[in-house]
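Per-entry structural report
For reference, the chains in residue letters:
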Amino acid sequence: MRGRFPDRAEIVQRLSSAEGRAVLVLAALLYLPFAFACGWHYVFIPHTDFPSFYWPALAAFGAGGSPYSADVVASAAGQLDQQVFPFLYPPPSLLLFYPLTWFPYETAKIGMLVVNHLTILALVYVVLFRLLGLRTVGRFALVALVLFFLYEPVAITLNHGQVNLVALLMICLAWLAVKEQRHPLAVAVPLVLAILLKTYPALLLILLLTRRQYRAVAWSVG
């Protein structure tokens, strides 16, 4: 049926075909140089935005101080010998940044880079194979992957240690849950995580109301 979303069995069947295997092989060949250029090389460079997440969370949960204090920025800049920008996110986002403080800064920085790369792989699967459907497998999928891996803002997100891709994945997971008519909690959890990270995805609650997803909105607000 036109517009039908594929189930997992259908995805496995299609990927096991010659076309599906060819796409997976070519996707891997595209990702490997991207991972080297925007992964391995980025391990050794200072990340512009990541300190603005790590040090405020460390101040809030480790020292009991304000994450918005100028002293936090000055201390981080002095220890890292680089410019550090102030924390501009709402206080609830610190809950998601808290696990970073379990590790030394360099370890946490590399961990964030790994998370972003895993997020990229998850986005490829969710968007191409779940949201857009199996009809994208083939030339369009390969063109989309090439454009995605060459898209400069993706490289900048990895370079700076940002959380944009994680927020995007959460929005896509909420969208997928709506499309597949899953439990409202499956919609609410990823959407709330996106809201905690970026705030403005809260506007999507209005969209859920227009689609009469009242229980999903209730779970999100709760």
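Coordinates for the structure precede this section.
Residues numbered from 1 in each chain as written. Predicted model: local features only at pLDDT ≥ 70, side-chain atom pairs only at ≥ 80, totals over all residues. Heavy atoms only, no water.

1. Points about the overall build of the protein
For clarity, the cut-off: In this description a helix means any DSSP run of H or I spanning at least four residues, a strand means any run of E spanning at least two, and both kinds are numbered starting from the N terminus. With a 1.4 Å probe rolled over the protein chains alone, any residue whose accessible area is under 20% of its type maximum counts as buried; one over 50% counts as exposed, and the rest are partly exposed. Residue contacts are defined here by distance: any two heavy atoms, one from each residue, within 4.5 Å place the two residues in contact.
Secondary structure assignment for the protein yields 12 helices and zero strands. Along the protein, helices and strands appear, N-terminal first, in the series α-α-α-α-α-α-α-α-α-α-α-α. A buried classification covers 42% of the 222 residues belonging to the protein. Pairs at least 24 apart in sequence give 75% of the contacts found in the protein among residues at least 6 apart.

2. Considerations on the nonpolar core
Convention followed: What we call a nonpolar core is a set of buried Ala, Val, Leu, Ile, Met, Phe, Trp, Tyr and Cys residues that are connected through their side-chain atoms within 4.5 Å.
Core analysis: the biggest nonpolar cluster contains 27 residues, and Phe-34, Ile-120 and Leu-158 have the highest contact counts within it. Among the elements of the structure, helix H2 (18-40), helix H6 (105-131), helix H7 (139-150), helix H8 (152-160) and helix H9 (164-179) are those that each provide at least two residues to this core. The leading source of residues in this core is H6, at eight residues. Among residues more than four places away in sequence, those in contact with Leu-158 are Phe-34, Cys-38, Tyr-42, His-47, Leu-113, Asn-116, His-117, Ile-120 and Leu-165. The next biggest cluster of nonpolar side chains, apart from the first, holds 22 residues, and it includes Phe-53, Tyr-54, Phe-87 and Phe-97.

3. What to know about H8
Threshold: The arc in question is traced by the directions running from the helix axis to the C-beta atoms.
Every buried residue of H8 is listed here: Val-154, Ala-155, Thr-157 and Leu-158. The buried residues of H8 occupy one face: seen down the axis, they fall within an arc of 155 degrees. Residue Gly-161 follows H8 closely and has a positive phi angle near 75 degrees.

4. What to know about the packing of helix H3 (residues 50-63) against helix H4 (residues 70-80)
Condition: Fitting a line to C-alpha atoms yields each axis, with helices limited to the stretch in contact; the angle taken between N-to-C directions then spans 0 to 180 degrees. Angular relationships are summarised with four words: roughly parallel below 35 degrees, roughly antiparallel beyond 145, roughly perpendicular across 65 to 115, and oblique for the angles in between. By definition, any crossing whose near helix is turned counterclockwise from its far helix by less than a right angle is left-handed, and any crossing with a clockwise turn is right-handed. We call Asp, Glu, Lys and Arg charged. Ala, Val, Leu, Ile, Met, Phe, Trp, Tyr, Cys and Pro are nonpolar, and the rest, Gly among them, are polar.
Between H3 and H4, the least distance of the axes is 10 Å, while the angle of their chain directions is 120 degrees. Judged on the interaxial angle alone, H4 and H3 are oblique. Viewed along their axes, H3 and H4 form a crossing whose handedness is right-handed. Here Pro-51, Trp-55, Pro-56 and Ala-59 of H3 lie close against H4, whose contacting residues are Val-72, Ala-76, Gln-79 and Leu-80. Of the residues that constitute the contact of H3 with H4, the class distribution is seven nonpolar, one polar and no charged.

5. Brief notes about the packing of aromatic side chains
Defined as follows: Classification of ring pairs uses Phe, Tyr and Trp, with its six-membered ring standing for Trp, and accepts pairs whose centres are within 6.5 Å; under 30 degrees between planes counts as stacked, over 60 as edge-to-face, and the remaining range as tilted.
Here the structure, examined in full by the defined rule, presents 18 aromatic pairs. Considering the side-chain rings of Tyr-98 and Trp-102, the 5.7 Å spacing of their centres and the 90 degrees angle between planes classify their relative orientation as edge-to-face. Three or more aromatic residues joined by ring pairs form one cluster here, namely Phe-53, Tyr-68, Phe-87, Tyr-89 and Phe-97.

6. Some details on the packing of H3 against H6
Taken N-terminus to C-terminus, the directions of H3 and H6 make an angle of 130 degrees; their axes are 11 Å apart at the nearest point. The angle between H3 and H6 falls in the class oblique. Note on packing geometry: the crossing formed by H3 with H6 is right-handed. Residues Phe-50, Pro-51, Tyr-54 and Trp-55 of H3 pack against Tyr-105, Ala-108, Lys-109 and Met-112 of H6.

7. A look at the pattern of salt bridges
Put simply, the rule is: Within this document, salt bridges are pairs made up of a side-chain nitrogen of Lys or Arg and a carboxyl oxygen of Asp or Glu, the two lying within 4 Å of each other.
Scanning all chains against the criterion turns up two salt bridges. Between Lys-109 and Glu-106 there is a salt bridge; the shortest N-O distance is 3.2 Å. Of this pair, Lys-109 and Glu-106 both sit in helix H6, separated by three residues, roughly a single helical turn. Classification of Lys-109 as buried rests on a relative accessible area of 4%. On the basis of relative accessibility, which here comes to 43%, the residue Glu-106 falls in the partly exposed class. For Glu-180, the salt bridge is made with Arg-182, and the minimal N-O distance between the two is 2.6 Å.

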